[in-house]
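Read off the chains here:
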Amino acid sequence: MPSYKVTTPRFYGGKLYGPGTRRPILDTEEKFKKLPEGLVLLKGETATQAKARRASEANSVKAAEKSRKADEVDVDSANFLGADGGSVVETL
């Protein structure tokens with residue numbers, strides 16, 4: 001799916017694209033046969049960038065898993081029922 005940087009305001013698919021608009025990048029299903037004026041083809045992700053992105057994602061998953069395990073230990077160690085486990089019934 002090619003992406004294009006829009007350098008001059010233009011409409012595509014009923015939506016306004018342009019450098020100062022909400023949509024500065026145009027994503028299309030297929031490449032244009034002839035590149036229209038005001039569009040610049042963006043290069044895809046390089047192998048080095050993909051490797052760095054995957055490493056970052058893996059690190060964040062590991063950190064989230066570590067945090068989840070620490071939270072489980074904290075929740076398991078919390079005792080809201082008292083030292084006897086809440087087996088004592090108080091009568092008034």
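One can find the structure itself at the top, above this paragraph.
Residues numbered from 1 in each chain as written. Predicted model: local features only at pLDDT ≥ 70, side-chain atom pairs only at ≥ 80, totals over all residues. Heavy atoms only, no water.

## Some words on the overall build of the protein chain
Line of reasoning, step 1. Secondary structure assignment for the protein chain yields one helix and five strands.
Line of reasoning, step 2. From first element to last, N terminus to C terminus, the protein chain shows the α and β order β-β-β-β-β-α.
Line of reasoning, step 3. Scored against the burial criterion, the 92 residues of the protein chain give a buried share of 11%.
Line of reasoning, step 4. Contacts spanning at least 24 positions in sequence make up 49% of the contacts within the protein chain whose residues lie at least 6 apart.
Line of reasoning, step 5. About 8,000 Å² of surface is accessible on the protein chain, with carbon and sulfur atoms providing 56% of the total. (Helix = DSSP H or I, 4+ residues; strand = E, 2+ residues; numbered from the N terminus. Buried < 20%, exposed > 50% of the residue type's maximum accessible area, 1.4 Å probe, protein only. Contact = heavy atoms within 4.5 Å. Areas by Shrake-Rupley, 256 points an atom, 1.4 Å probe, with all protein chains shown as cover.)

## Focus: the sheet that holds strand β5 (residues 39–41)
Line of reasoning, step 1. Strands sit in the order β4-β1-β5 across an open sheet of three strands; the sheet is antiparallel. Single-partner strands in this sheet number two, and they are β4 (25–27) and β5. Ignoring strand direction, the axes of neighbouring strands in this sheet form an average angle of 35 degrees.
Line of reasoning, step 2. Note: strand β1 (residues 3–6) against β5, three bridges, orientation antiparallel. In the sheet register, K5 faces β5, and the bridge partner there is V40. (Pairing = 2+ DSSP bridges. Axes fitted to C-alpha atoms, helices over the stretch in contact; angles between N-to-C directions.)

## Thoughts on the packing of aromatic side chains
Line of reasoning, step 1. In this structure the tally under the stated criterion is two aromatic pairs.
Line of reasoning, step 2. A ring pair is formed by Y4 and F32, whose centres lie 5.1 Å apart and whose planes are at 45 degrees; its orientation type is tilted. Taken together, the positions of Y4 in strand β1 and F32 in the loop between β4 and β5 put the pair 28 residues apart, joining distant regions of the chain.
Line of reasoning, step 3. A relative accessible area of 2% means that Y4 is categorised as buried.
Line of reasoning, step 4. Using a relative accessible area of 25% as the deciding quantity, one classes F32 as partly exposed. (Phe/Tyr/Trp six-rings, centres within 6.5 Å; stacked < 30°, edge-to-face > 60°.)

## So, the nonpolar core
Line of reasoning, step 1. Y4, V6, Y17, L26 and L39 together form the largest nonpolar core, which totals five residues.
Line of reasoning, step 2. The residues touching L26, leaving out its near neighbours within four places in the chain, are P2, S3, Y4, V6, Y12, Y17, F32 and L39. (Core = buried A, V, L, I, M, F, W, Y, C linked by side-chain atoms within 4.5 Å.)

## Observations regarding the pattern of salt bridges
Any two side chains of opposite charge can pair, given that their charged atoms come close.
Line of reasoning, step 1. Here the structure, examined in full by the defined rule, presents three salt bridges.
Line of reasoning, step 2. With a closest N to O distance of 3.4 Å, E57 and R53 form a salt bridge. Placement of both E57 and R53 in helix α1 (residues 47–77) is noted, with a separation of four residues, approximately one turn of the helix.
Line of reasoning, step 3. Under the relative-accessibility criterion, E57 is labelled partly exposed at 41%.
Line of reasoning, step 4. R68 serves as the salt-bridge partner of E65, at 2.5 Å between the closest nitrogen and oxygen. Pair noted here: E65 and R68 are both in helix α1, with a separation of three residues, about one helical turn.
Line of reasoning, step 5. Exposure remark for R68: the relative accessible area of 39% places this residue in the partly exposed category.
Line of reasoning, step 6. Taken together, the shared-partner salt bridges connect E65, R68 and E72 into one network. (Salt bridge = Lys/Arg side-chain N within 4 Å of Asp/Glu carboxyl O.)

Take it as geometry only, folks, not as evidence of what the structure does.
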